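A look at the structure
The chain contents come next:
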Amino acid sequence: MNWDEYSKEYKQMNDDLNFQRNAKLPNNSEKYFYYDESDNIRNFNIKKGNYNADYFSQFTLGGIVSDTPIDDLKLEELYDKLCLQGSVRELKSHNILNKKKVGIAQFDSKKLNMLLSYLLESDYYLHYSTINVFYYGVVVDIIDSLLEFDKDVPRDYFSQSWVDSLKAYLYKCMFLDAEDWGKILSELRFPNLNLESQSALFSKLYNSIDRFNDYEYKLQREKLLCLIKEFPKDKKLVFLSDEEDYILIKDFMVFYLHKVFIYDRSMHIFDEEAEIKKKFEEKGIERFNISNRYKFVDSHNMRAIQISDVCVRVICVLYKFFASMNLPQIENYIKELEQNSYEYKNLKLLAELILKTVRYDEYLIMQMSNYIELDKYNFYLKNSIKI
């Protein structure tokens, strides 16, 4: 593969899609991106009837981005404020979050408050890609395959919101019984289905959807039942055949390359991730000019990557919080927080930092999740002033 040509085609396709959706393009001025990962499960599979990782996993890749390089001296003031213990040789998220608590309560941290306040007042922005692994690894391909033979679906971009609502409903339906679905999908050798296992999947899906009667998604429920019932019995699900048994997500390499392709005037500095570096080499990417746009650096030697480690962990925890509760529960949880607590203050600061990033360039944030989770994210941002 000619990776330089592929990069241009990928960028053009992405730009066309973004302009069609929002009538604007990513801010492609020269920038410096710093990356680390959180919930880096490397792959997602269902061998032996069990998921290899928590199906709540939220793979998150990103960190901070700046118009100019961020050398260690620029972060000296922040590190001095954090008053790290002498034994801390490298800043990690566990040095900043509240280790005595779990979930979103980890935000109850004075050091996190210092970090978020510093970033909010700085010339730096967040950037991240966050992937709900159950949604991306299971639900997306089921819906896209079912729609392949649906003559009633409009074939223009504006039908995408309807398609996304189908995915959101199926996610809501399947995620309630995610552990049981792990066993079912493993037995079927999902996502490598033959006609027999495909028929078995249809039967399981139909019964599950038929039992799950959500008034809010009445139209989506009816449509999915119709799609399953009318799918040609002699046709294979296009994205769920001729694949590798049990492998829901083979790797996350595409997300490492996404911004390298889109922001092609920028430098992308990744934490030293041996497995991804090896995949880049195996794919021959380093033989092309695109390799001049990125490099791998040991985080021990670069504070900007250390800060990125904290940022992506914070984002990962936030999105897991969204996945763990429905919208009214999230609203009540925030309302009941003590307003003088650091957890409360940091939720507000993080929302402000995300909004600062969105105003600068909304495409710095990539969310591979469903409408239900994104509604919670939008609620959180829109109500951040009230927090």
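Above this text sits the structure in question.
Residues numbered from 1 in each chain as written. Predicted model: local features only at pLDDT ≥ 70, side-chain atom pairs only at ≥ 80, totals over all residues. Heavy atoms only, no water.

**Some remarks on the overall build of the chain**
- Across its full length, the chain carries 14 helices and eight strands.
- Taking 21 Å as the expected radius of gyration for a compact globule of 387 residues, we find that the chain reaches 22 Å, a close match to that expectation.
- Principal-axis analysis of the C-alpha atoms places the extent of the chain at approximately 65 × 55 × 45 Å.
- Buried positions account for 56% of the 387 residues belonging to the chain.
- Look at the contacts in the chain between residues 6 or more apart in sequence, and 81% of them connect residues 24 or more apart.
- Here the chain contributes 53 positive and 62 negative side-chain charges, whose respective centroids are spaced 2 Å apart. (Helix = DSSP H or I, 4+ residues; strand = E, 2+ residues; numbered from the N terminus. Rg over C-alpha atoms; globule rule 2.2 N^0.38 Å. Buried < 20%, exposed > 50% of the residue type's maximum accessible area, 1.4 Å probe, protein only. Contact = heavy atoms within 4.5 Å. Lys, Arg positive; Asp, Glu negative; His and termini not counted. Charge placed at Lys NZ, Arg CZ, Asp CG, Glu CD.)

**Quick word on the pairing of strand 1 (residues 32-38)**
- Extensive coverage of strand 1 is indicated by the burial of seven of its seven residues.
- Side chains Tyr32, Tyr34, Asp36 and Ser38 project from strand 1 onto one buried face, and the interleaved Phe33, Tyr35 and Glu37 project onto a second face that is buried too.
- Pairing analysis gives five bridges linking strand 1 to strand 3 (residues 58-66), with the strands arranged antiparallel. Bridge pairing links Phe33 to Val65 in strand 3.
- Summarising the sheet, strand 1 and strand 6 (residues 267-271) pair through four bridges and their orientation is parallel. Counted as the bridge partner of Tyr34 is Ile269 from strand 6. (Pairing = 2+ DSSP bridges.)

**As for the side chain of Asn370**
- Tracing the backbone through its elements, the reader meets Asn370 in the loop between strand 8 (365-368) and helix 14 (371-382).
- In this structure Asn370 comes out as buried when scored by relative accessible area, which is 0%.
- In this structure the side chain of Asn370 is engaged in a polar contact, spanning 3.0 Å, whose partner is the backbone nitrogen of Ile372.
- Ignoring sequence-local partners within four residues, the contact set of Asn370 consists of Asn132, Tyr135, Ala168 and Tyr171. (Polar contact = N/O pair within 3.5 Å; in protein donor to acceptor, adjacent residues only side chain to side chain.)

**Observations regarding the sheet that holds strand 3**
- As summarised here, the arrangement of the six strands in space is 7-6-1-3-4-8, forming an open sheet in which the pairing is mixed. Each edge of the open sheet is held by one strand with a lone partner, namely strand 7 (294-297) and strand 8. Taken pair by pair, the neighbouring strands of this sheet meet at an average axis angle of 20°, ignoring direction. (Axes fitted to C-alpha atoms, helices over the stretch in contact; angles between N-to-C directions.)

**Looking at the environment of Leu25**
- By secondary structure assignment, the location of Leu25 is in the loop between helix 1 (3-22) and strand 1.
- In sequence terms Leu25 and Glu9 are 16 residues apart; their C-alpha atoms lie 15 Å from each other.
- Once residues lying within four places of it in the same chain are set aside, the contact partners of Leu25 are Asp15, Phe19 and Tyr363.

**Notes on the packing of aromatic side chains**
- Enumeration over the complete set of coordinates arrives at 36 aromatic pairs.
- Taken together, the ring pairs connect Phe33, Tyr35, Phe59, Tyr136, Phe252, Phe255, Tyr256, Tyr263, Phe270, Phe280, Tyr294 and Phe296 into an aromatic cluster.
- The positively charged end of Arg303 is found above the aromatic ring belonging to Tyr79, 4.2 Å away from the centroid.
- Here the basic side chain of Lys356 rests over the ring of Tyr125, its NZ or CZ set 5.1 Å away from the ring centre. (Phe/Tyr/Trp six-rings, centres within 6.5 Å; stacked < 30°, edge-to-face > 60°. Lys NZ or Arg CZ within 6 Å of the ring centre and 35° of its normal.)

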